[in-house]
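Listed below, chain by chain, are the residues.
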Amino acid sequence: MPAANAPDGQRLQQLPLVTLYLTERCNSRCISCDYWRHGRSDISLERVSRLLPSLARLQTRVALISGGEPLLNPQWAQIAQLLKDGGLHVWLLTSGLSLAKHAGRAGQLFDAITVSLDGVNAETYAAIRGLNAFERVCAGIRAAASTGIPVGLRVTVQAANYRQLPAFIDLARQLGAHQVSFIAVDVANPHAFGRLDGIVPDLALQPGDLPELEQILSAMERDYAPDFRSGFIAESPNKLRRIHQYFSAVCGVGAFPPTRCNAPEFSAVIDAGGRVNPCFFIPGPTGQPLQDELGAVLNADSMLALRADIRARARSECATCVCSLWRESGSRTARDFLPHRQANA
């Protein structure tokens, strides 16, 4: 039910960024994620086509294509072309396992590609991602970068790879990536990344690891200062230290870093089943597939109430979030969301 009497400041008049899960299926076997265990659904080209008028009315600028592994959807190229023809900038988030095969087409369709890469060698990659596919993913990154579009690496920091943080920066440059980004593995939200049973694997750093992580971060700040300044490393040194704070809190020796996030005020996530969620980590209020116009769903009473709870930091997921995102109202253009090539990449 639309909230006709809701204050204008609470209603979404624009949605600059939308995330579309093309599928729940995945061809990785990550220890941090359960989509590959139970994912079945793909979003259809028809459903995305029906969504386009709503996105136009909401002045959506960027569509982030995610999943599961979006390249497993047999209609991924048609969906990307449809969005592109609709005037959107299209950004792909992928495991990279199929990227070498599809690099040429992806280079034509996407404005940017981000590849999840959690190891700098075959052994670490296999331990985290569950497959012996390190070289294949690296080949895909090289192939995509050779098309000229910005390709970034996204590293999920955890016990098995935190000692490799500096090596990820070197590897990103060797592969032709335009940027490397780091985020802590989410072990505080038991239902993140498709987990159904609430059991979180033992991925976090232990108390004895924290001093070493502190030394690594200090050395990175010193040794890679030009890469921080240029943006080749996406986070600032201070933001990277939030990863240390996060694991300190997980270990019970500190507080979680404070979060500042207004992502649900300018973006939404539509999963492969058509359900509308305010962000990656919080499910929508109804759990039902999208039937009405997207703007009506985003401004329904139940969604307004959920966004109010998030705004008031009343949701437990927000207090421990690893992925908080803030954008001022004047910083919500396509360029403000879409990764772009750095000068020294």
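Residues numbered from 1 in each chain as written. Predicted model: local features only at pLDDT ≥ 70, side-chain atom pairs only at ≥ 80, totals over all residues. Heavy atoms only, no water.

Enquirer: Just checking my understanding: could you explain the environment of Leu338 for this structure?
Expert: Examined against the element boundaries, Leu338 turns out to sit in the segment after α14 (334-337). Since its relative accessible area comes to 11%, Leu338 is described here as buried. A C-alpha to C-alpha distance of 7.2 Å links Leu338 and Val62, two positions 276 residues apart in sequence. (Helix = DSSP H or I, 4+ residues; strand = E, 2+ residues; numbered from the N terminus. Buried < 20%, exposed > 50% of the residue type's maximum accessible area, 1.4 Å probe, protein only.)

Enquirer: Explain the sheet that holds strand β6 (residues 179-184) to me, please; I cannot follow it from the model alone.
Expert: Remark on secondary structure: sheet strands pair via backbone hydrogen bonds, oriented parallel or antiparallel. Strand order in the open sheet made by the eight strands is β6-β5-β4-β3-β2-β1-β7-β8, with mixed pairing throughout. Unpaired on one side and paired on the other, β6 and β8 (276-277) mark the two borders of the sheet. Alignment of strand β5 (residues 151-157) against β6, held across six bridges, turns out to be parallel. Looking at the pairing, Arg154 lines up with Ser181 of β6. (Pairing = 2+ DSSP bridges.)

Enquirer: Sorry if this is basic, but what is going on with the pattern of salt bridges here?
Expert: Two side chains with opposite charge may pair up if their charged atoms get near one another. One pass over the full model with this rule turns up 15 salt bridges. The partner of Asp42 in a salt bridge is Arg25, and the shortest N-O contact between them spans 2.9 Å. Of this pair, Asp42 sits in the loop between α1 (35-38) and α2 (45-57) while Arg25 is found in the loop between β1 (17-21) and α1, placing the two residues 17 residues apart along the sequence. We note a salt bridge from Glu214 to Arg241, for which the minimum N-O separation is 2.8 Å. Linking Glu214 in helix α8 (residues 210-223) with Arg241 in helix α10 (residues 237-250), this pair joins segments that are 27 residues apart in sequence. A network of salt bridges, in which partner residues are shared, links Glu24, Asp271 and Arg275. (Salt bridge = Lys/Arg side-chain N within 4 Å of Asp/Glu carboxyl O.)

Enquirer: I would appreciate a short explanation of the pairing of strand β7 (residues 267-270) in the present structure.
Expert: The side chains of a regular strand alternate between both faces of the sheet. Here β7 shows two buried faces, one formed by Ser267 and Val269 and the other by Ala268 and Ile270. Direction of pairing for β1 relative to β7: parallel, over a ladder of four bridges. Considered in β7, the bridge of Leu17 is made with Ser267. Joining the antiparallel neighbours β7 and β8 is a turn of five residues, in which Gly274 adopts a positive phi near 90 degrees.

Enquirer: Looking at this model, I keep getting lost on the environment of Leu17. Mind explaining?
Expert: With respect to the helices, strands and loops of the structure, Leu17 is situated in strand β1. Taking C-alpha positions, Leu17 is 13 Å from Pro339, a pair spaced 322 residues apart along the chain. Residues within four places of Leu17 in sequence aside, it is in contact with Thr60, Val62, Leu64, Phe266, Ser267, Ala268 and Phe337. (Contact = heavy atoms within 4.5 Å.)

Enquirer: What exactly am I supposed to notice about the packing of aromatic side chains here?
Expert: To describe a pair of aromatic rings, you give the distance between the ring centres and the angle between the ring planes. Enumeration according to the criterion identifies eight aromatic pairs in this entry. Pairing Tyr125 with Phe134 gives two aromatic rings, centres 6.3 Å apart and planes at 55 degrees, and the pair type is tilted. With relative accessibility at 0%, the residue Tyr125 sits in the buried group. Counting every residue linked through ring pairs, the aromatic cluster contains Tyr21, Phe280 and Phe281. Arg173 extends its terminal NZ or CZ atom over the ring of Phe232, reaching a point 4.3 Å from the ring centre. (Phe/Tyr/Trp six-rings, centres within 6.5 Å; stacked < 30°, edge-to-face > 60°. Lys NZ or Arg CZ within 6 Å of the ring centre and 35° of its normal.)

Enquirer: Sorry if this is basic, but what is going on with helix α5 (residues 122-129) here?
Expert: Taken as a whole, α5 has its buried residues at Thr124, Tyr125, Ile128 and Arg129. Each buried residue of α5 sits inside an arc of 105 degrees when the element is viewed along its axis, so together they form one side. Packing partners of the buried residues in α5 comprise β4 (112-116) and α6 (134-145). By the N-cap criterion, in which a side-chain oxygen at the helix start approaches the backbone nitrogen of a residue two or three places on, α5 is capped by Asn121, the distance to Glu123 being 3.3 Å. (Arc of directions from axis to C-beta. Polar contact = N/O pair within 3.5 Å; in protein donor to acceptor, adjacent residues only side chain to side chain.)

Enquirer: Just to check I follow, could you spell out the side chain of Thr114 for this structure?
Expert: With respect to the secondary-structure elements, Thr114 resides in strand β4. With a relative accessible area of 9%, Thr114 lands in the buried category. Polar contacts involving the side chain of Thr114 include one to the side chain of Trp91, which spans 3.0 Å. Setting aside chain neighbours within four positions, we find Thr114 in contact with Trp91, Leu92, Leu93, Thr94, Gly152, Arg154 and Pro339.

Everything listed here is a matter of geometry and, on its own, says nothing about what the molecule does.
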